[in-house]
Amino acid sequence: MHYSDREIYEGTFKNSERNGFGIYYAFNGTKYKGEYKGDKREGYGIVYYPNGGRYEGEFKNGVRDGYGIYYSSDGKKIEFYSKKNKMEGFGIIYYPNGDKYVGELKKDDKERYGIFYYSNGNEYLDMFKNDEFKEYSIVYYPYGLFKEEFKYNSIDEFGIIYYPDLTKYEGQLKNDN
């Protein structure tokens, strides 16, 4: 069925509404392939975005709701839960370089707690605000444990480094970037 010159739906209908499995092609290049109920996305579906990204997951009442995976065009993979089209709760972000974030995901409120695993073996247990480390961290390096207090990606503050041989360093830390 054609909704306009550039919107097309191929699939099943019930009482003149999209119902069951179908494929919808939007005028902006977005494509949805999945289940419908009462003329709305409902159940499992896949959305293909014009930018090359893709979402696979659950829909309720026409919007993302439940477990889903987003694959970005730059190679990032995000597993998350959503409620009424907003990311909420626990999730995992896999980066193309092998890094991984495990923890809270909130799309609208970028304040969250989690662990960032770097591909080089470093681990940050931290609170993030606006996608930056904030206030207090525990960092696990292959050569030792690093506990620090800092703000907004600056480590020019006091900290403690615990080494595997059980020695430690306490004092002023300088960002070595």
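Scroll up to find the structure.
Draft legend 1. Inspection of the pairing of strand 7 (residues 77-83) at higher detail. Of the pairings in the sheet, the one linking strand 6 (residues 63-71) to strand 7 comprises six bridges and is antiparallel in character. Following the sheet pairing, Tyr71 is matched in strand 7 by Lys77. Summarising the sheet, strand 7 and strand 8 (residues 86-94) pair through six bridges and their orientation is antiparallel. Within strand 8, the position partnered with Ser82 by the bridge is Met87. The turn linking strand 7 back onto strand 8 is made up of two residues, and Lys84 within it adopts a positive phi angle of 50°.

Draft legend 2. Highlighting the side chain of Ser72. Its place among the elements puts Ser72 in the loop between strand 6 and strand 7. Of the residues examined, Ser72 reaches a relative accessible area of 17% and is grouped as buried.

Draft legend 3. How the structure looks around the packing of aromatic side chains. Tallied over the full model, the rule gives 10 aromatic pairs. Centre to centre, the rings of Tyr55 and Phe59 are 5.5 Å apart; their planes meet at 90°, and the pair counts as edge-to-face. Among the residues examined, Phe59 registers a relative accessible area of 5% and is labelled buried. Where Phe116 meets Tyr118, the ring centres are 4.6 Å apart and the plane angle is 45°; that geometry is what we call tilted. By relative accessible area, Phe116 is classed as buried at 11%. Under the relative-accessibility criterion, Tyr118 is labelled partly exposed at 26%. Within the aromatic cluster, the residues linked to one another by ring pairs are Tyr9, Phe13, Tyr32, Tyr36, Tyr55, Phe59 and Phe80. The ring of Tyr71 is capped by Arg54, whose NZ or CZ atom sits 4.1 Å from the centre of that ring.

Conventions adopted
- Residues numbered from 1 in each chain as written.
- Predicted model: local features only at pLDDT ≥ 70, side-chain atom pairs only at ≥ 80, totals over all residues.
- Heavy atoms only, no water.
- Pairing = 2+ DSSP bridges.
- Helix = DSSP H or I, 4+ residues; strand = E, 2+ residues; numbered from the N terminus.
- Buried < 20%, exposed > 50% of the residue type's maximum accessible area, 1.4 Å probe, protein only.
- Phe/Tyr/Trp six-rings, centres within 6.5 Å; stacked < 30°, edge-to-face > 60°.
- Lys NZ or Arg CZ within 6 Å of the ring centre and 35° of its normal.

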